[in-house]
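Okay, here's what each chain looks like letter by letter:
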Amino acid sequence: MFPLKLQFFKDIASHFRGFLEIMQTDKPMEHYKDEVLVDTIFTLMKIIVKPGLLEKSDTSFKLVKIDLSNFENLLPCELFKLATATKVLLKSEMANQKKRQFLKDCQTVIVALL
């Protein structure tokens, strides 16, 4: 289970890499902040939020108004759009109950980040 969790967090951290690379500079970056942050939020939401809801959220204001505490707005755990490496590890010899709990934990982490 540890390699799977480690891979998941590695994948999530990679979504923040672009934001950090742009924002960690001595140059004035204030005018880029909103765009880069919204891109990061959108990327994380694509993992757990229903695609139809994301398509309707064509502005940053609508995007941040998506209620992540409402489970009707979220994909079922089995349909999460996880990175390929995480999916491969998840398909290993793990009991279905543990897989489901791992996916729920992933959902909790992403919602907490957003």
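Scroll up for the structure.
Residues numbered from 1 in each chain as written. Predicted model: local features only at pLDDT ≥ 70, side-chain atom pairs only at ≥ 80, totals over all residues. Heavy atoms only, no water.

Participant: I tried to follow the pattern of salt bridges on my own but got confused; where do I start?
Facilitator: Think of it this way: side chains of opposite charge can pair up when their charged atoms draw near. This structure, assessed with the given rule, holds two salt bridges. A salt bridge links Asp 58 to Lys 62; the shortest N-O distance between them is 3.2 Å. Judged by relative accessible area, which is 59%, Asp 58 ranks as exposed. Lys 62 gets classed as partly exposed once you look at its relative accessible area, which sits at 42%. Among the ionic pairs, Arg 100 bridges to Glu 78, the shortest N-O distance being 2.2 Å. Of this pair, Arg 100 sits in helix α6 (residues 96-113) while Glu 78 sits in the loop between α4 (60-64) and α5 (84-90), and the two are 22 residues apart along the sequence. (Salt bridge = Lys/Arg side-chain N within 4 Å of Asp/Glu carboxyl O. Buried < 20%, exposed > 50% of the residue type's maximum accessible area, 1.4 Å probe, protein only. Helix = DSSP H or I, 4+ residues; strand = E, 2+ residues; numbered from the N terminus.)

Participant: Where do I start with the state of the cysteines in this structure?
Facilitator: Structurally, a disulfide amounts to a covalent bond that connects the sulfur atoms of two cysteines. A complete count under the given rule lists zero disulfides for this structure. Between Cys 77, a free cysteine, and Cys 106, which holds the nearest cysteine sulfur, the sulfur-to-sulfur gap is 8.7 Å. (Disulfide = S-S within 2.5 Å.)

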